[in-house]
Amino acid sequence: MNMKSRIALATLFVATTVACQAAGTITVKGSDTLVILAQKWAEVYMGKHPEVKIQVTGGGTGTGFAALQNKTTDLCNASRKIKAKEIATCVAAFNGAKPTEYKVAVDGLSIYVSVENPVKELSLEQLEGIFTGKIKNWKELGGNDAPITLYSRENSSGTYEFFKEHVLNGKDFASSAQTMPGTAAVLQAVAKDKNGIGYGGAAYGAGAKHLPIKPSANEPAIEPTEENVLGQKYPIWRYLYVYVNPALDKGEIAAYLNWIRGDEGQKLVKEVGYFPLPAQWRQK
Amino acid sequence: MQPQGKRPIGWMGIHRGHRAHPFEWLAEKAIFLVSLSAILMVLLIFVFVAREAIPVMFGRMDSALIQPIIPPDETDMHPPEKIREYLGLTKQQFTAMDKDIIRTLMEVKVDAQNEIPPSFRTDPDAKLNTTEWRYLLQPYQWTGYEKPAYIWQPVGQIHKYNIVPLFVGTLKTTAVGLLFAVPLAIGAAIYVSQLARPRAREIIKPTIELLSGIPSVVVGFFALLVMATFLQSIFGYQTRLNAFVAGIALSFAVIPIVFSIAEDALTSVPRSYTQAALALGASRWQTAWQIILPAALPGVFAAIVLGFGRAIGETMIILMVTSASEMSWSLFSGARSITATIAAEMGEVVRGGHHYRMLFLLGALLFAATFVTNMVAEIIMLRFKRRLEGKR
């Protein structure tokens, strides 16, 4: 065997191994809210299908969409709906196709206050007043005579955006609101500050009190339990999404997407602390 | 002692008095190229940052919520150039697309306008281009506000991009950090270099320098959990996480830098100065304070400038300890620095969108600000040096 053919053979060998790897690898990128859940899914799925490799990274919903349109990721996790501008860039990159949206889980948002806080429940209207800075003292809500400290999330977080759109009805947060780098940090801060109030995933628990919320002033307050969130009684909840380039939505990727939206995948959603999809959105 | 006349040193040191060993010559050139590449790198970074910020700088972005719509069916009635601008595409992208893609893009554009909640359709703010300089720098009375305000809330239906609160936040935390760190660090440097016994010096110096090895995340975490509570119990202010706590935490990062450079400067003052001062009857303290410190002033000043650079550029500590884009000069209210803003928001922005460009504008402004302060500091240092050497 002369040198040339040996090199050619080696190249062929490398090329085939790379190709094989590429065929069996699914890359997932995006929302930090979803990253733990996505890792869990990937772990369990890879255990059952050893031929498939799934790589999960976070970085934020926006980063995920950027990667989706650059085709550096197959799936994009998102804690908010895709924006028109992002659809537009995807359309330009995907030859005219819009990315396909899949709902993959439900997340309920809790309102946290300190355990020492005597306030028992709040209405949505009061929440809007508190977080826009109109209500400044706990006294106005039947609590102690103490100023309210607001704990919010970074505006890059899907949770922040959701809360602003749906609880504050698009109004601005009070500028004195502290923006914390994660839900755990919000909880931590509220646990240490007896006049604090914050919001975050219902899955996070220890250290603070989750306040029941009244959808309007006359209705009874509702606890953020699974039953209430899935029954759409509890007023603050949202879907979590996965987006995919429709050209790639076949073979292994489609099988994986079906699996996470099926009963097995949805069982894991609960383990990680989010709420599983209602039956009509599931993959049968 | 100066040699008579300068030795000729030509381009890249080729015409030198002695002949270098070929290998040495090669190594020298390699190092020279590396240092050149550092300069190139700085330039490239600045060009990159500035390029991304330019559309916002010259008012070429439009962030208004309500935009005029061209119905997809009327695409053919308009000149292609107008459609291209309407869709925000580059010429290359536009020519590569077929009719169907253009049509889909036109439809997406209409969808986006239909998504706007009804309450914002009648809002006069929805028609404003909030990336104009007057909205970036001057207070403005937005709908729902009682008086004009400086608001940084880039996410939402109306994008509010006032950068003043961020600059104030950066200044507040940096000022507290330096006010706390500089006297401590320079005091420690004087003590260690002039007054301490060798034994004490051997312990103190490495210990302070070890402080710079602590990752800023750890410092931030410590400040968030322990220091914030401790300081609140002493001073009794209302906001637990504020610029003051962040500044103190920042000083942990600044102290080792200022200390080690100031200490070097103080130690490198010739021994004869001390000996002369002591021989003339000055006490050790007088010698340190009145002779050594003034002689080492350029170096000490350089230490402070570097400390300032570290403080203004530090991200993680401030991001963890406090982050409220509040327009307030009070040290005991929240603050949000420019660096923390960029770090926190870059991950989720739409690439090429106005928020993205705005963050790059912030980066460019920060770069410019540190560049100017460093330059001014360099000039002042030069003056100091001249005066000390009696050159005037």
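> Could you give an account of the overall build of chain B, naming the residues involved and the relevant values?
If you tally the helices and strands in chain B, you get 16 helices and 2 strands. Taking the principal axes of its C-alpha atoms as reference, chain B extends roughly 95 × 65 × 35 Å. The buried share among the 392 residues of chain B stands at 44%. The long-range fraction of contacts in chain B, counting pairs at least 24 apart against all pairs at least 6 apart in sequence, stands at 67%. On chain B, roughly 21,800 Å² of surface is accessible, and the fraction owed to carbon and sulfur atoms is 65%. Treating the 36 positive side-chain charges of chain B as one cloud and the 28 negative ones as another, the clouds have centres 15 Å apart.

> Report on the overall build of chain A, specifying residues and quantitative values.
Across its full length, chain A holds 10 helices and 11 strands. Once the C-alpha set of chain A is aligned to its principal axes, its extents read approximately 90 × 35 × 35 Å. Burial statistics for chain A: of 284 residues in total, 55% are counted as buried. In chain A, the share of contacts with a sequence separation of at least 24, taken over all contacts with a separation of at least 6, comes to 71%. Carbon and sulfur atoms provide 55% of the accessible area of chain A, an area that totals close to 12,300 Å².

> So what's going on with the domain arrangement of chain B? Which residues, and what values?
All names here are of chain B. Each assigned domain of chain B is listed with its residue range as follows: domain 1 (11-57), domain 2 (72-161) and domain 3 (164-388). Computed over C-alpha atoms only, the centres of domain 2 and domain 3 are separated by 42 Å. Taken together, the 10 residues of domain 2 in the interface contact 14 residues of domain 3. Approximately 1,000 Å² of surface area, both sides summed, lies buried where domain 2 meets domain 3, with 78% of it carried by carbon and sulfur atoms. By the criterion of area lost to domain 3, the three top residues of domain 2 are Tyr150, Trp152 and Tyr161, representing 61% of everything that side buries. At the junction of domain 2 with domain 3, the criterion picks out 0 salt bridges. Counting across the domain 2 and domain 3 interface gives 4 residue pairs in polar contact (both at pLDDT 80 or more). In terms of residues, the side of domain 2 that touches domain 3 owes the most to one element, helix 6 (residues 133-137), which gives 3 residues. Looking at the side of domain 2 that touches domain 3 residue by residue, the classes come out as 8 nonpolar, 2 polar and no charged.

> Tell me about the packing of helix 10 (residues 243-267) of chain B against helix 13 (residues 297-313) of chain B, residues and numbers included.
Geometry of a packed helix pair, given as the angle between the helix axes and the separation of the axes. Residue and element names in this part refer to chain B. Contact geometry of helix 10 with helix 13 gives a least axis separation of 8 Å together with a crossing angle of 160 degrees. In terms of orientation, helix 10 lies roughly antiparallel with respect to helix 13. Between helix 10 and helix 13 the crossing geometry is right-handed. Seen from helix 10, the contacting residues are Leu250, Ala253, Val254, Ile257, Val258, Ile261, Ala262, Ala265 and Leu266; seen from helix 13, they are Gly299, Val300, Ala303, Leu306, Gly307, Arg310 and Ala311. For the contact of helix 10 with helix 13, the per-class residue count stands at 13 nonpolar, 2 polar and 1 charged.

Cut-offs applied
- Residues numbered from 1 in each chain as written.
- Chains lettered and ligands numbered in written order.
- Predicted model: local features only at pLDDT ≥ 70, side-chain atom pairs only at ≥ 80, totals over all residues.
- Heavy atoms only, no water.
- Helix = DSSP H or I, 4+ residues; strand = E, 2+ residues; numbered from the N terminus.
- Buried < 20%, exposed > 50% of the residue type's maximum accessible area, 1.4 Å probe, protein only.
- Contact = heavy atoms within 4.5 Å.
- Areas by Shrake-Rupley, 256 points an atom, 1.4 Å probe, with all protein chains shown as cover.
- Lys, Arg positive; Asp, Glu negative; His and termini not counted.
- Charge placed at Lys NZ, Arg CZ, Asp CG, Glu CD.
- Domains from an automatic or database assignment.
- Buried area = accessible area lost by both parts, 1.4 Å probe.
- Salt bridge = Lys/Arg side-chain N within 4 Å of Asp/Glu carboxyl O.
- Polar contact = N/O pair within 3.5 Å; in protein donor to acceptor, adjacent residues only side chain to side chain.
- Nonpolar A, V, L, I, M, F, W, Y, C, P; charged D, E, K, R; others polar.
- Axes fitted to C-alpha atoms, helices over the stretch in contact; angles between N-to-C directions.
- Parallel < 35°, antiparallel > 145°, perpendicular 65-115°, else oblique.
- Left-handed = near helix turned anticlockwise from the far one by under 90°.

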